[in-house]
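Report on the structure
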Amino acid sequence: AQSVTQPDIHITVSEGASLELRCNYSYGATPYLFWYVQSPGQGLQLLLKYFSGDTLVQGIKGFEAEFKRSQSSFNLRKPSVHWSDAAEYFCAVLPFYNQGGKLIFGQGTELSVKP
Amino acid sequence: DAGITQSPRYKITETGRQVTLMCHQTWSHSYMFWYRQDLGHGLRLIYYSAAADITDKGEVPDGYVVSRSKTENFPLTLESATRSQTSVYFCASSDPPNEQFFGPGTRLTVL
């Protein structure tokens, strides 16, 4: 079945430490890929997206993500986490055949940041 | 104001009442979506619309009705609210394959 998996439900990192959030998808063809962030009580905000081309994409707030076709992964990274990065992060894919523009979301990873 | 707005932001209602959640976008995006977000379930698609007068079911449509008479509006109606519909509801819009833009959400409590 087509799916998006975020293996880590909750991650805690220290402020200033590096961060990597994992995302794997299962589709036959490379889909369009997105990372969203949701701060408490807020809607979802797009961090970055991958459609094609360079497999390392830069986003807002110092985040980047790398698409690896061989691993069907699109992991989100940040070299130095700030306390304000504490939020929930969602990976999402839009299948290449574009079923009505419907995004398929992972379950989300909640990030806590220790001082 | 440009963007996507939802109203009300908070709503408390009683079981059996009809409730309508409003969503308005100013980008003239063709697609609009309604999601609910519950702990442990992530985001689940309720209904979506590809254009005015075109709507289709998502993952969890039971108990909900939508309409889209104008491109910019996509109201979601709970015809007879149940406690299981207590949730946070998000509206989104997009022009695929570009990203979806989300509203701020409506927190609905059904007593």
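Model, not experiment: these values are computed from the prediction.

Describing the state of the cysteines
Residues and elements named next belong to chain B. Applying the stated criterion across every chain yields a total of two disulfides over all chains. Put simply, Cys23 and Cys91 are joined by a disulfide, and their sulfur atoms are 1.8 Å apart. Measuring the twist about the S-S bond at about -75°, one finds the Cys23-Cys91 disulfide to be left-handed. Here the residue Cys23 occupies a position in strand 3 (residues 19-25), and Cys91 occupies one in strand 9 (residues 87-94), the gap between them amounting to 68 residues. Under the relative-accessibility criterion, Cys91 is labelled buried at 0%.

What to know about the interface of chain A and chain B
Taken together, the contact between chain A and chain B spans 20 residues of the former and 20 residues of the latter. Counting the surface lost from both chain A and chain B, the interface buries some 1500 Å², and carbon and sulfur atoms represent 58% of this. The tally of links from chain A across to chain B stands at one salt bridge. B:Glu99 is paired through a salt bridge with A:Lys49; the nearest N and O atoms lie 2.7 Å apart. Our enumeration of links across chain A and chain B arrives at three residue pairs in polar contact (both at pLDDT 80 or more). Broken down by element, the side of chain A that touches chain B gets its largest block of residues, four residues, from strand 5 (residues 32-38) of chain A. Its residues assigned to classes, the side of chain A that touches chain B shows 10 nonpolar, eight polar and two charged.

Topic: the sheet that holds strand 1 (residues 4-7) of chain B
Residues and elements named next belong to chain B. On the basis of which strands lie adjacent, the open sheet formed by four strands has the order 1-3-8-7 and antiparallel pairing. The open sheet terminates on both sides in strands that have one partner only, identified here as strand 1 and strand 7 (64-66). Along the sheet, successive strands turn relative to each other by an average axial angle of 20°, direction set aside.

Re the pattern of salt bridges
Residues and elements named next belong to chain A. For the structure on display, the rule yields eight salt bridges over all chains. Put simply, Arg77 and Glu66 hold a salt bridge, and the shortest N to O gap is 3.0 Å. You can see Arg77 sitting in strand 9 (residues 73-78) and its partner Glu66 sitting in strand 8 (residues 64-68), a full 11 residues away along the chain. Here Arg77 falls in the partly exposed class, since its relative accessible area comes to 23%. Members of the salt-bridge network, linked through shared partners, are Glu64, Glu66 and Arg77.

Focus on the nonpolar core
Formed by 27 residues in total, the largest nonpolar core has its most connected members in A:Leu19, A:Trp35, A:Leu47, A:Leu48, A:Phe74, A:Leu76 and A:Tyr89. Listed by contribution, the elements that provide at least two residues to this core are strand 2 (10-14), strand 3 (19-21), strand 5, strand 6 (44-50), strand 8, strand 9, strand 10 (87-94) and strand 12 (109-114) of chain A. Per-element accounting of this core gives the leading share, four residues, to strand 10 of chain A. Beyond its immediate sequence surroundings of up to four residues, A:Leu76 is in contact with A:Leu19, A:Glu20, A:Leu21, A:Trp35, A:Leu47, A:Leu48, A:Phe63, A:Glu64, A:Ala65 and A:Tyr89. Membership of the second largest hydrophobic core comes to 20 residues, among which are A:Ala92, A:Phe105, B:Tyr31 and B:Ala92.

Digging into the packing of aromatic side chains
On inspection of all chains with the given rule, the structure shows 17 aromatic pairs over all chains. Measuring from centroid to centroid gives 6.0 Å for A:Tyr36 and A:Phe105, while their planes differ by 50°, and the two rings are tilted. One end of the pair, A:Tyr36, is in strand 5; the other, A:Phe105, is in strand 11 (residues 104-105), and 69 residues separate them in sequence. Overall, the relative accessible area of 10% leaves A:Phe105 in the buried class. Note on B:Tyr64 and B:Tyr89: the rings are 5.9 Å apart at their centroids and 65° apart in plane angle, and the pair reads as edge-to-face. Taken together, the residues B:Tyr64 in strand 7 and B:Tyr89 in strand 9 connect sequence positions 25 residues apart. An aromatic cluster is defined as three or more aromatic residues linked by ring pairs; in this entry it consists of A:Tyr32, A:Phe34, A:Tyr36, A:Phe51, A:Phe90, A:Phe105, B:Tyr31, B:Phe33, B:Tyr35, B:Tyr48 and B:Phe102.

Cut-offs applied
Residues numbered from 1 in each chain as written. Chains lettered and ligands numbered in written order. Predicted model: local features only at pLDDT ≥ 70, side-chain atom pairs only at ≥ 80, totals over all residues. Heavy atoms only, no water. Disulfide = S-S within 2.5 Å. Helix = DSSP H or I, 4+ residues; strand = E, 2+ residues; numbered from the N terminus. Buried < 20%, exposed > 50% of the residue type's maximum accessible area, 1.4 Å probe, protein only. Contact = heavy atoms within 4.5 Å. Buried area = accessible area lost by both parts, 1.4 Å probe. Salt bridge = Lys/Arg side-chain N within 4 Å of Asp/Glu carboxyl O. Polar contact = N/O pair within 3.5 Å; in protein donor to acceptor, adjacent residues only side chain to side chain. Nonpolar A, V, L, I, M, F, W, Y, C, P; charged D, E, K, R; others polar. Pairing = 2+ DSSP bridges. Axes fitted to C-alpha atoms, helices over the stretch in contact; angles between N-to-C directions. Core = buried A, V, L, I, M, F, W, Y, C linked by side-chain atoms within 4.5 Å. Phe/Tyr/Trp six-rings, centres within 6.5 Å; stacked < 30°, edge-to-face > 60°.

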